[in-house]
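# Coordinate analysis (summary)
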Amino acid sequence: MTESGATAVPVPAVARLRPWLRRLLILVGVLVLALVGYLAGIATTTVLPTQVQTTYYRADVVLHAWPSSTLKASTVFGDVDVHFDSPVPAPGIQVDPQVKRDVTDLFARESLSVDTFRPSDAEIRDAARSALIGVAVRFGAGLLLAEAAMLSLLALGRRHHRRPSGRQIRVVAVAAVIGVLVPTLAGWQTYRGDRVATIRATSLLGTVRSNAGLLTDVRTRAQQVSRYVTNVLALSQSLQDSLVPQELNQAPAVRLLLVSDIHGANQYPIIKRLIADEKIDAVVDSGDLVNFGTVQEAEAAGFFTSIQDLGVPYLFVRGNHDATSADDQALLARLSRVPNVVLLEPSPGRYQQVSVGGVTVGGFNDPRYYGDEDRKNDEKQKPRQKAYVSAYAGRELPDVVVSHEPAAVEGIRSKGLLVDGHVHTPALDGNRVTVGTFTAGGIFGERISEGTREDAERVTASYFFDIAVYGRSCSLINLTRYSFRSVVEGRPAYDSLNVVNGRAIVDQARSGRTCGTDQGVSRTTVPTP
């Protein structure tokens, strides 16, 4: 009671704070409530997944809380991961497709093929629309229920009233709007065809993005062994075809196979089959053809005949295992006698540029050699890099610049691809492509043990190669990266496949250029200043 007999009205603690601190606390409260609502909405899509279906398939669609901007479709035979390049990360989408039980009677029909089971474009679009609506409704319902629960808890915390205050209602309303609006705008900006950056298919599903003729005829075996496999392959193909943006689907003009670190293991029969299956126009080898730098090693492995039998240009730079001393040119001299081999640096300081259907390729050798002092290796590359770039002073660098070690091309200011090898592990850093070893590095490759201690002697090696695909405008359409294993064991199988959108790697080619196999192959000597 006051002296006048009036009852004192308690002042809320928040109201007694300084204005700026009060506003900060309110802002933090809004963000916390928005996060709670967002997580509740995600959880609702997981507990109550959206079910969509086509003629032969059904799928459950859920959202992931982590903003990965990735759509993942999982099957028992592998995954299809589509990563979208967006300035605002969006919640991840998980799709779990299944073959309908009521189509099993179709499996016995010998006339049915993979294409029979492929959903049409209209079916994919209808399923995507249903998934979008279903996920949005569940997410919104879960978020609103969570915010209503939070508002009720806030009301219970008031001493003299059991109804929420106007301020509390406004705070929760703003939090709800933020919780809905932010992921909605992020999803709208992210999950679009022109935002696709990388498509990755693992295990068996990786084969269906290629002609499937490199190692085994997967489609034929799938139909012979299991109708369920046939269905999954068909679904994977449709998912990938529907998600690939228009520019990745355009007809290629030039296709370059990028290999590295052969290291004395003659897998050229596989490369020859790959050239035929993938319609390769030229092979680009970033070095380490042999192990000990001698011509005799390459002769014993049958390399020179095998390379000639490939039937396409073979563009080569020397690696640190391709010479026995700094002045040793023996291996390069022998390679120069193979008709289809083009040495990008045939002698020190003399460079050749090759045009393959209008796409230009150049590069320079590794100054190191087998048995050199293995110290400050990165520093040894810089003088060679400087000499090569100086040769192009005032001129545009080739579309593809190749050397052996990553440090050799790292830092070159080029609008095209920078290609290296050496480390036996594939990588992509901006416009620099590190090519993995095509032979698991020969005797220098890493072997990964499989199984238990009892069968630890069983080992497998991972092999990698890349295909750079250029369009008629001479722009890079995509870079397709393959991983496979068990070649030496006689059981070749794909591990994974990645398709990287070309615009995510390099700038588009300048206007006015036209590329295509009709332009043939030519070489020019780069004038040295």
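One numbering rule holds for all chains: residues counted from 1, following each sequence as written. Thresholds applied to this predicted model are a pLDDT of at least 70 for local features of residues and 80 or more for the giving and counting of side-chain atom pairs; totals over whole chains, interfaces and linings are not thresholded and use all residues. Only heavy atoms go into the side-chain values, all of them from the structure, while hydrogens and water stay out.

## Some remarks on the overall build of the protein
Helix and strand assignments follow DSSP, with helices taken as H or I runs no shorter than four residues and strands as E runs no shorter than two, numbered in order from the N terminus. When helices and strands are tallied, the protein shows 12 helices and 22 strands. Exposed residues in this analysis have more than 50% of their type's maximum accessible area, buried residues have under 20%, and partly exposed residues fall in between, with area computed by a 1.4 Å probe over protein chains only. Within the protein, buried positions represent 50% of all 529 residues. In the protein, the share of contacts with a sequence separation of at least 24, taken over all contacts with a separation of at least 6, comes to 70%. For the protein, the exposed area adds up to about 25500 Å²; of that, 56% sits on carbon and sulfur atoms. Should any heavy atoms of two residues lie within 4.5 Å, those residues are considered in contact. Here, Shrake-Rupley sampling with a 1.4 Å probe gives the accessible areas, and only protein chains in the shown set may cover a residue.

## Examining the packing of helix H2 (residues 121-156) against helix H3 (residues 166-190)
Relative to each other, H2 and H3 sit at 160°, their axes nearing to 10 Å. For the element pair H2 / H3, the angle class is roughly antiparallel. As H2 packs across H3, the resulting crossing turns out to be right-handed. Residues Phe139, Leu143, Leu144, Glu147, Leu151, Leu154 and Ala155 of H2 form the contact with H3, whose own contacting residues are Gln168, Ile169, Val172, Ala175, Ala176, Gly179, Val180 and Pro183. Classification convention: Asp, Glu, Lys, Arg as charged; Ala, Val, Leu, Ile, Met, Phe, Trp, Tyr, Cys, Pro as nonpolar; all other residues, Gly among them, as polar. Split by residue class, the contact of H2 with H3 holds 12 nonpolar, two polar and one charged. Fitting a line to C-alpha atoms yields each axis, with helices limited to the stretch in contact; the angle taken between N-to-C directions then spans 0 to 180 degrees. Just so you know how the angles are binned, under 35 degrees is roughly parallel, over 145 roughly antiparallel, 65 to 115 roughly perpendicular, and the rest oblique. By the definition used in this description, the sense in which the near helix is turned from the far one sets the handedness, with an anticlockwise turn below a right angle giving left-handed and a clockwise turn giving right-handed.

## Structural notes on the confidence of the model for the protein
Segments scoring low in pLDDT should not have their predicted coordinates read at a detailed level. You can read pLDDT as the predictor saying how much it trusts each residue, on a scale of 0 to 100. The predicted model of the protein averages 80 in pLDDT, with 76% of residues at 70 or higher. The low-confidence segment residues 204-228, where pLDDT is below 50, has 70 contacts with residues more than four positions distant or belonging to other chains. Low pLDDT (under 50) marks residues 446-460, which in the prediction has 21 contacts with non-local residues, meaning those over four places away or in another chain.

## Quick notes on the state of the cysteines
When two cysteine sulfur atoms lie within 2.5 Å, the pair is treated as a disulfide. For the structure shown, the criterion picks out one disulfide. One disulfide bridge connects Cys474 with Cys515, the sulfur atoms lying 1.9 Å from each other. Disulfide Cys474-Cys515: the torsion about the S-S bond is 105°, which places it as right-handed. Residue Cys474 is found in the loop between strand S19 (462-470) and strand S20 (476-485), and its partner Cys515 is found in the loop between strand S21 (493-501) and strand S22 (521-526); the two are separated by 41 residues along the sequence. Given a relative accessible area of 3%, Cys474 falls into the buried group. Look at Cys515 and you get buried, because its relative accessible area is 0%.

## Structural notes on the sheet that holds strand S12 (residues 359-363)
Two strands pair if DSSP finds at least two bridges between them. Read from one edge of the open sheet, seven strands run S15-S16-S14-S13-S12-S11-S22, paired in mixed fashion. What marks the edges here is a single partner per strand, and that holds for strand S15 (427-429) and S22. Here the strands of the sheet are splayed against their neighbours by 20° on average, with no regard to which way each runs. Pairing analysis gives three bridges linking S15 to strand S16 (residues 432-434), with the strands arranged antiparallel. Bridged to Asp429 within S16 is Arg432. Helix H11 (residues 377-391) rests against strand S11 (351-356), S12, strand S13 (400-402) and S22 of the sheet, and its axis sits at about 60° to S11.

## Brief notes about the pairing of strand S8 (residues 282-285)
Of the two faces of S8, both are covered, the one formed by Ala282 and Val284 as well as the one formed by Val283 and Asp285. Alignment of strand S7 (residues 254-259) against S8, held across four bridges, turns out to be parallel. Across the sheet, Leu256 pairs through a bridge with Ala282, a residue of S8. Handedness is read with the strands pointing away from the viewer; a crossover is right-handed when the path from the first strand over the helix to the second is clockwise. Assessed by its sense of winding, the connection that carries the chain from S7 through helix H7 (residues 268-278) to S8 is right-handed.

## Describing the packing of helix H1 (residues 19-47) against H2
For the pair H1 and H2, interaxial distance at closest approach is 7 Å and the crossing angle is 135°. Relative to H2, H1 is oriented oblique. Between H1 and H2 lies a crossing of right-handed hand. Contact residues: Leu33, Ala34, Val36, Gly37, Tyr38, Ala40, Gly41, Ile42, Thr44 and Thr45 in H1; Val135, Arg138, Phe139, Gly142, Leu143, Ala146, Glu147 and Met150 in H2. Across the contact of H1 with H2, the residue classes break down as 11 nonpolar, five polar and two charged.

## Quick notes on the pattern of salt bridges
Just to be clear on terms, a salt bridge is a Lys or Arg side-chain nitrogen sitting within 4 Å of an Asp or Glu carboxyl oxygen. For the structure shown, the criterion picks out 17 salt bridges. Taken together, the shared-partner salt bridges connect Arg368, Asp372, Asp374, Lys380 and Glu405 into one network.

## What to know about the side chain of Thr434
Within the secondary structure, Thr434 sits in strand S16. What qualifies as a polar contact is a pair of N or O atoms within 3.5 Å, subject to a donor-acceptor requirement within protein and to the restriction that residues adjacent in sequence count only when both atoms come from side chains. Here the side chain of Thr434 touches Asp420 through a polar contact of 2.7 Å, side chain to side chain. With residues near it in sequence (within four places) discarded, Thr434 still touches Asp420, Gly421, Val423, Thr425, Pro426, Ala427 and Arg481.

## Here's the deal with the packing of aromatic side chains
Aromatic pairing here means that ring centres of Phe, Tyr or Trp (its six-membered ring) are within 6.5 Å. Orientation follows from the plane angle: under 30 degrees is stacked, over 60 is edge-to-face, and everything else is tilted. Summed over the entire model, instances satisfying the criterion amount to 10 aromatic pairs. An angle of 70° between the planes, with centres 6.0 Å apart, marks the rings of Tyr38 and Phe139 as edge-to-face. You can see Tyr38 sitting in helix H1 and its partner Phe139 sitting in helix H2, a full 101 residues away along the chain. The pair formed by Tyr38 and Phe139 is uniform in burial state, with each residue classed as buried. An aromatic cluster is present here, built from Tyr351, Phe364, Tyr388 and Tyr392 joined pairwise through their rings. Think of it as a cone above the ring: NZ of Lys or CZ of Arg counts as a charge over the ring if it is within 6 Å of the ring centre and within 35 degrees of the ring normal. Stacked on the ring of Phe304, the Lys or Arg Arg334 has its end atom at 4.2 Å from the ring centre.

## Focus on unusual backbone geometry
Trans is the prevailing form of peptide bonds, just as negative phi is the prevailing case for residues other than glycine. Positive phi, close to 50°, is recorded for Lys376, a residue that is not glycine. Within the secondary structure layout, Lys376 lies in the loop between S12 and H11. What makes Lys376 exposed here is its relative accessible area of 58%. Positive phi, close to 75°, is recorded for His422, a residue that is not glycine. Within the element layout of this structure, His422 appears in the loop between strand S14 (417-420) and S15. Owing to a relative accessible area of 22%, His422 belongs among the partly exposed residues under this scheme.

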